[in-house]
Amino acid sequence: MLELPEAAAMAKQLGKAVGGRTIAAVTAGKTPHKFAFFNGDPEGYPDLLSGRTIRSAESHGGFVEVILDDVRLLMGDGVNLRYHPDASTVPAKHQLALRLDDGAFLVGTVQMYGAMMAFRPGEFDNPYYAGAVAKPSPLTGAFSKKHFRSLVDAAPAKLTTKGLLATEQRIPGLGNGCLQDILFTARLHPKAKVSSLTDTDVDRLYKTVTSVLKDMTAKGGRDTEKDLYGQPGGYRTILSAKTLGNPCPGCGGVVERQAYLGGNVYFCPTCQPM
């Protein structure tokens, strides 16, 4: 799933690959998928998008936003967006296909769930998108220590470190994937109560959130996810399904995996004690 680093890297790739190109034709909803979501009726997407020129691309949290002349195309974290230089490699099954004026394609597919939302500015109301645009990004200076402290201070007494970082969109784009390495680097257990953290813990977690996410972004995303060209990101994850079974890089001990808060958490019980 796309999280903040992958969305930022993909937006950068899109700008280079298709900036200035015009959308010649659109196919939306070709392969029905129960959890592929559109803004409005996908049958209207050809009229809405065809003939528009791609001006740029931006990321907001885990969203990738393609800026067209007078329309926006927003893709959520479950959409696999790929660039195809011609029609020969376009998959037969897809939920969105944009044919460009040079014969290349942008194709969006959904496996678990995902949203592809086309809209005119001012005509789209989505709280997750609005929050991602409005809240400060850990990749910028606006994500200050004071702001992070306010998130900690507002946390319910029973909230855990995973809950703080990856629920309620407190930090848009930071999800279950990125938090594993953040908590390992901060030496904090994913089930540790936020109320138990010392000031030193909070300061260390703040620094780790910003430094790890910036590192992931600079390297084109995590190696567990793929970019616009279907290639894995350059950031080598420390703790993930990809490294499960490897010894802990900190102490050489056994890394554990547990289901928790809607997804698996990976941690070293020695380096990340409760």
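Quick note: structure is the one above.
Reading guide: rules and limits
Residues numbered from 1 in each chain as written. Predicted model: local features only at pLDDT ≥ 70, side-chain atom pairs only at ≥ 80, totals over all residues. Heavy atoms only, no water. Helix = DSSP H or I, 4+ residues; strand = E, 2+ residues; numbered from the N terminus. Rg over C-alpha atoms; globule rule 2.2 N^0.38 Å. Buried < 20%, exposed > 50% of the residue type's maximum accessible area, 1.4 Å probe, protein only. Contact = heavy atoms within 4.5 Å. Pairing = 2+ DSSP bridges. Axes fitted to C-alpha atoms, helices over the stretch in contact; angles between N-to-C directions. Salt bridge = Lys/Arg side-chain N within 4 Å of Asp/Glu carboxyl O. 1 Å grid on protein atoms, 1.4 Å probe; cavity = no way out; pocket = protein on both sides within 12 Å on 5 of 7 lines; lining within 4 Å. Points joined across faces, edges and corners; volume = space filled by probe spheres on them. Nonpolar A, V, L, I, M, F, W, Y, C, P; charged D, E, K, R; others polar. Core = buried A, V, L, I, M, F, W, Y, C linked by side-chain atoms within 4.5 Å. Patch = residues over 30% accessible without salt bridge, like charges linked within 9 Å, V, L, I, M, F, W, Y side chains within 5 Å. Areas by Shrake-Rupley, 256 points an atom, 1.4 Å probe, with all protein chains shown as cover. Phe/Tyr/Trp six-rings, centres within 6.5 Å; stacked < 30°, edge-to-face > 60°. Lys NZ or Arg CZ within 6 Å of the ring centre and 35° of its normal.

> So what exactly am I meant to see when it comes to the overall build of the protein chain here?
Assigned secondary structure in the protein chain consists of seven helices and 11 strands. In summary, the protein chain has a C-alpha radius of gyration of 20 Å against a globular reference of 19 Å for 274 residues, a match within 12%. Oriented by its inertia axes, the alpha-carbon framework of the protein chain measures out at about 55 × 40 × 30 Å. A total of 274 residues make up the protein chain; the buried ones form 50% of that total. Considering only intrachain contacts with a sequence separation of at least 6, the fraction spanning at least 24 residues in the protein chain is 63%.

> Even after reading the chapter, I still don't get the sheet that holds strand β8 (residues 105-110), so can you show me in this structure?
Backbone hydrogen bonds are what pair the strands of a sheet, in a parallel or an antiparallel way. Spatial ordering of the open sheet is given by β1-β7-β8-β6, a layout of four strands whose pairing is antiparallel. Only two strands of the sheet have a single partner each, and these edge strands are β1 (23-28) and β6 (79-84). Direction aside, neighbouring strands of the sheet carry axes that sit 15° apart on average. Judged from the four bridges that link them, strand β7 (residues 96-100) and β8 form a sheet pairing that is antiparallel. Directly across from alanine 97, in β8, lies its bridge partner valine 107. Each of β6, β7 and β8 is contacted by helix α1 (residues 4-18), which is oriented at about 25° to β6, the strand it contacts most.

> Got a minute to help me understand the pattern of salt bridges in this structure?
Oppositely charged side chains can form a pair if their charged atoms are brought close together. Enumeration over the complete set of coordinates arrives at 10 salt bridges. Between aspartate 101 and arginine 21 there is a salt bridge whose closest N-O contact spans 2.6 Å. Of this pair, aspartate 101 sits in the loop between β7 and β8 while arginine 21 sits in the loop between α1 and β1; the two residues are 80 residues apart in sequence, bridging distant segments of the chain. Since its relative accessible area comes to 28%, arginine 21 is described here as partly exposed. Ionic pairing is found between arginine 21 and aspartate 102, a salt bridge with its closest N-O pair at 3.6 Å.

> I tried to follow the layout of surface pockets on my own but got confused; where do I start?
Picture a little ball the size of a water molecule; that probe, rolled over the atoms, points out where space is still empty. Roughly 1,200 Å³ of internal volume is contained in the largest pocket. Per-element tally for the lining of the largest pocket: the top contributor is helix α6 (residues 176-186), with four residues. Along the lines of polarity and charge, the residues of the lining of the largest pocket split into 18 nonpolar, 18 polar and nine charged. As a volume, the second largest pocket reaches approximately 290 Å³. Around the second largest pocket, the lining is made up of 13 residues, and of these Met1, Leu2, Asn80, Gln111 and Glu225 lie nearest the centre. Broken down by element, the residue count for the lining of the second largest pocket peaks at three residues, all from β6. Its residues assigned to classes, the lining of the second largest pocket comprises five nonpolar, four polar and four charged.

> Looking at this model, I keep getting lost on the nonpolar core. Mind explaining?
Soluble globular proteins: nonpolar side chains tend toward being buried together. Formed by 34 residues in total, the largest nonpolar core has its most connected members in Leu14, Leu49 and Leu106. The biggest single contributor to this core is α1, with five residues. Once you skip the residues sitting within four places of it in the chain, leucine 14 turns out to touch Gly19, Ala57, Val64, Val66, Leu81, Leu106 and Leu228. In terms of nonpolar packing, the next biggest core, distinct from the first, is built from 26 residues, Ala155, Leu165, Ile171 and Leu205 among them.

> Please clarify how a nonpolar patch on the surface should be interpreted in this entry.
Nonpolar side chains collect at one region of the surface, where Met1, Phe35, Phe37, Met112 and Tyr113 lie side by side and expose about 480 Å² of accessible area between them. Its place among the elements puts phenylalanine 35 in the loop between β1 and β2 (36-38). The class for phenylalanine 35 is partly exposed, based on a relative accessible area of 39%.

> Could you clarify how one ought to interpret the packing of aromatic side chains in this entry?
Counting across every chain of the model gives 10 aromatic pairs. Pairing phenylalanine 119 with tyrosine 129 gives two aromatic rings, centres 5.9 Å apart and planes at 65°, and the pair type is edge-to-face. Remark: tyrosine 129 occurs in helix α3 (residues 127-134) and phenylalanine 119 occurs in strand β9 (residues 114-119); sequence separation between them is 10 residues. Taking relative accessible area as the criterion, phenylalanine 119 reaches 6% and is therefore assigned buried. Through pairs of rings, three or more aromatic residues link up here, namely Phe63, Phe119, Phe124 and Tyr129. The aromatic ring of phenylalanine 184 is capped on one face by arginine 187, whose charged end is 4.3 Å from the ring centroid. Seen from the ring of tyrosine 260, lysine 191 lies directly overhead, with NZ or CZ sitting 5.2 Å from the centre.

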